[in-house]
Amino acid sequence: MDYKFIEGTVTTPKGFTGAGICAGIKDGNTEKKDVMMIKCDTLCNAAAVYTKNLVKSAAILVTQENLKNGKAQAIVANSGNANTCTANGVEVAQGMSKLCASVLGVDSSDVIVASTGVIGVPMRLEPFEQKLYLMKKEMSKEGGTDCAEAIMTTDTVKKEMAMELTLDGKTVTIGGIAKGSGMIHINMGTMLSFVTTDAAISSEMLESALKEAVEDSFNMVSVDGDTSTNDTLAIMASGLAGNKEITEKNEDYKTFVSALKEACKSLAKQLASDGEGASKLLICNVKGAKSKKDAVGIAKTVIGSSLVKTAMFGSDANWGRILCAIGYSGMDVDITKVKVTFVSEAGELIVCENGAGVGFDEEKAKEVLLEDTITINIELGDGKGEAEAYGCDLTYDYVKINGDYRT
C-alpha cells in the first residue's frame, strides 16, 4: 500500500486554510454554518468534474468558466440554496466569486464556486456581502472541519479525510471534505466534494487523475436514483510538497492516482453511509464478470435497486431480488453461474450458488443483516472483470425527509 490515512481534513495539505460561518443563506437560519471558504497560499493547478444532469446550478457554470485555464486559489461554497433554475443565478454566483476574491486577496477568476440546497428559490447576494468579510480573520489550518459542516444539508455527520503518500522521496498529503445525503446517484449526486493536495502535478495530469479516481468512487454511489443539478468535485494542488512535478503518466502518476482513488472512495463511502434516512451502508462487490463494464453495470444496478435496499432495511435475506437486478442490468451474464454471499461483522452467509438458492439458517441470516455495514458479494464465474458500488438501505425516514424537504 502506497498511502496511509491520517487524522485531518481539507486544510491538512501544505498551503491551505479555511473557515465556515453562519450567514443566514436560508430564511430563518441563525445558527447553522452555511458558508465556507478555502484558500491556498499559492496559485494551484486545479480540475473538477460535475453533474451529468442537463440542468445545472449557476455555480457550476461560473466554476467551469473560471477553471478553463486549469488554475484556482480559493473556494467559496454555501448550503441552504442550490442557486439553480433562477433568473439571477449566474449574477449571484459571479458575485460570490468576486466577494470571496476581495476578502481573500485573490483574483476572482481563480475562485471555485459551489452551492447546494433547495432548487428554484432565488438566492440573495446580501448575506455574502454582510458576512463574508468576517471570515478573513477566521481562516486557519484547523478550519477545514468548519468547512465540512458549512456545506451540510440533510447530512447527519461531517465527511472528511486525509492521507499521506510518498512521491519522489517527498511526503505528499491529500485532504478532502464532502457533503451529500439524498438526491445521489451514480452520475454524481447532490454532492459537493473539495479535495486538496500539496503534490506538484500539472493541470493536465491532475484532471486526468481526477477522472480516473471518480469512476471507481463517486460514480459508484447511489442513495436514491436521482441525479442532482449541483454536483461538483474539485481538486486543487499547491505543489508545496516539493516533489518533482508530475507532467506525464509515469510511476509517480500511477501512485498518485491510486492514492487519490482511495481518498475518493473514503468520501464516497461516507456519503453512502449517511444517505437520507439510512440505517446501513451497503457495498456490492462484483467479481468474475466478462469485462469491467459488465461488473460496473451489475454493481450499479444491484446497489440502486429499491427492492434490494428495502430488503436490507428489513434484514431480509431476499436474495432473489439481487438475481432479478442482475437479470435486468443489461450486462452479459450467465445466470447459471452466479453465487451470492452476504457478509458483515456477524459473519458471512452463502444464499445462492449456480443461480439457484441454497439452504441457509434464517436466524443466522437475520444476524448477519442486522449489522450497520452489509457487503453483497456477487461471483459470476465468467471472467476477470470486477467492480464495487456503494449505497444504503431505503427506510421510512427517507420518505419523511423528502416529503417536506422544501417546506
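Residues numbered from 1 in each chain as written. Predicted model: local features only at pLDDT ≥ 70, side-chain atom pairs only at ≥ 80, totals over all residues. Heavy atoms only, no water.

Student: Account for the sheet that holds strand E12 (residues 339-344), naming residues and giving values.
Tutor: The seven strands lie next to each other as E9-E16-E11-E15-E12-E13-E14, forming an open sheet whose pairing is mixed. Of all the strands in the sheet, just strand E9 (221-222) and strand E14 (356-357) have a single pairing partner and so form its edges. Pairing of E12 with strand E15 (residues 373-379) involves five bridges; the strand directions are antiparallel. Across the sheet, the residue bridging to Phe-342 is Ile-376, located in E15. (Pairing = 2+ DSSP bridges. Helix = DSSP H or I, 4+ residues; strand = E, 2+ residues; numbered from the N terminus.)

Student: If you had to explain the packing of helix H5 (residues 203-215) against helix H6 (residues 251-273) to someone new, which residues and values would you point to?
Tutor: In contact at an axis separation of 9 Å, H5 and H6 are set at 45 degrees when each is read in the N-to-C sense. Considered as vectors, H5 and H6 are oriented oblique to each other. Crossing hand, H5 versus H6: right-handed. Facing H5, whose interface residues are Met-205, Leu-206, Ser-208, Ala-209, Leu-210, Glu-212 and Ala-213, H6 presents Tyr-253, Phe-256, Val-257, Leu-260, Lys-261 and Cys-264. Residues belonging to the contact of H5 with H6 are distributed by class as follows: ten nonpolar, one polar and two charged. (Axes fitted to C-alpha atoms, helices over the stretch in contact; angles between N-to-C directions. Parallel < 35°, antiparallel > 145°, perpendicular 65-115°, else oblique. Left-handed = near helix turned anticlockwise from the far one by under 90°. Contact = heavy atoms within 4.5 Å. Nonpolar A, V, L, I, M, F, W, Y, C, P; charged D, E, K, R; others polar.)

Student: Requested: an account of the packing of aromatic side chains, with residues and values cited.
Tutor: Per the counting criterion, the structure on display carries two aromatic pairs. With centroids separated by 5.2 Å and ring planes inclined at 90 degrees, the aromatic side chains of Phe-313 and Tyr-396 adopt a geometry described as edge-to-face. Linking Phe-313 in helix H8 (residues 306-313) with Tyr-396 in helix H11 (residues 396-403), this pair joins segments that are 83 residues apart in sequence. On the basis of relative accessibility, which here comes to 27%, the residue Phe-313 falls in the partly exposed class. Judged by relative accessible area, Tyr-396 falls into the exposed class, the value being 64%. (Phe/Tyr/Trp six-rings, centres within 6.5 Å; stacked < 30°, edge-to-face > 60°. Buried < 20%, exposed > 50% of the residue type's maximum accessible area, 1.4 Å probe, protein only.)

Student: Please provide a residue-by-residue account of a negative patch on the surface, values included.
Tutor: Taken together, Asp-316, Asp-361, Glu-362, Glu-363 and Glu-367 make up a surface patch of like negative charges. With respect to the helices, strands and loops of the structure, Asp-361 is situated in the loop between E14 and helix H10 (362-369). Taking the relative accessible area as the measure of exposure, Asp-361 reaches 46% and is therefore partly exposed. (Patch = residues over 30% accessible without salt bridge, like charges linked within 9 Å, V, L, I, M, F, W, Y side chains within 5 Å. Areas by Shrake-Rupley, 256 points an atom, 1.4 Å probe, with all protein chains shown as cover. Salt bridge = Lys/Arg side-chain N within 4 Å of Asp/Glu carboxyl O. Lys, Arg positive; Asp, Glu negative; His and termini not counted. Charge placed at Lys NZ, Arg CZ, Asp CG, Glu CD.)

Student: Talk me through the nonpolar core; I want residue IDs and the actual numbers.
Tutor: Membership of the largest hydrophobic core comes to 76 residues, with the highest contact counts inside it found for Phe-256, Val-302 and Ile-378. By residue number, the principal contributor to this core is H6, which donates eleven residues. Counting 26 residues, the second-largest nonpolar core is a separate cluster that includes Val-35, Val-62, Val-111 and Met-123. (Core = buried A, V, L, I, M, F, W, Y, C linked by side-chain atoms within 4.5 Å.)

Student: If you had to explain the pattern of salt bridges to someone new, which residues and values would you point to?
Tutor: Summed over the entire model, instances satisfying the criterion amount to eleven salt bridges. Linking Lys-33 and Glu-149 is a salt bridge whose minimum nitrogen-to-oxygen distance equals 3.8 Å. In this pair, Lys-33 is assigned in the loop between strand E2 (16-21) and strand E3 (35-50) and Glu-149 in helix H4 (residues 144-150), connecting sequence segments 116 residues apart. With a shortest N-O distance of 3.4 Å, Asp-382 and Lys-337 are connected by a salt bridge. Residue Asp-382 is located in the loop between E15 and strand E16 (385-392), and its partner Lys-337 is located in the loop between helix H9 (320-328) and E12; the two are separated by 45 residues in the primary sequence. In this structure Asp-382 comes out as buried when scored by relative accessible area, which is 18%.

Student: Please give an account of the side chain of Asp-294 that cites residues and values.
Tutor: Along the chain, the position of Asp-294 falls in helix H7 (residues 292-304). What Asp-294 contacts, discounting residues up to four positions off in sequence, is Ala-289, Met-331 and Asp-332.

Student: Hey, could you go over the environment of Ala-387 for me, with residue numbers and the actual values?
Tutor: Tracing the backbone shows Ala-387 in strand E16. Taking the C-alpha atoms as reference, Ala-387 lies 6.8 Å from Lys-287; in sequence the two are 100 residues apart.

Student: Can you lay out unusual backbone geometry for me, pointing to particular residues and giving the numbers?
Tutor: Phi at Cys-85 is positive, roughly 60 degrees, even though this residue is not glycine. In this fold, Cys-85 is placed in the loop between strand E4 (71-78) and helix H2 (89-104).

Student: Provide a residue-level description of the pairing of E16, including the pertinent values.
Tutor: Counting buried positions along E16 gives six out of eight residues, so the element sits mostly inside the fold. Two elements, E9 and E16, share two bridges in a ladder whose sense is parallel. What sits directly across from Ser-222, in E16, is Gly-391. Taken together, the seven bridges between strand E11 (residues 281-289) and E16 define a ladder with antiparallel strand orientation. Across the sheet, residue Leu-281 finds its bridge partner in E16, namely Cys-392.

Student: Hey, could you go over H10 for me, with residue numbers and the actual values?
Tutor: An α-helix turns once per 3.6 residues; consequently, residues spaced three or four apart project the same way. Within H10, the full set of buried residues consists of Ala-365, Val-368 and Leu-369. Across the axial projection of H10, the buried residues extend over an arc of 90 degrees, all falling on one side. Where H10 is buried, its residues contact H8, E12, strand E13 (347-353) and E15. (Arc of directions from axis to C-beta.)

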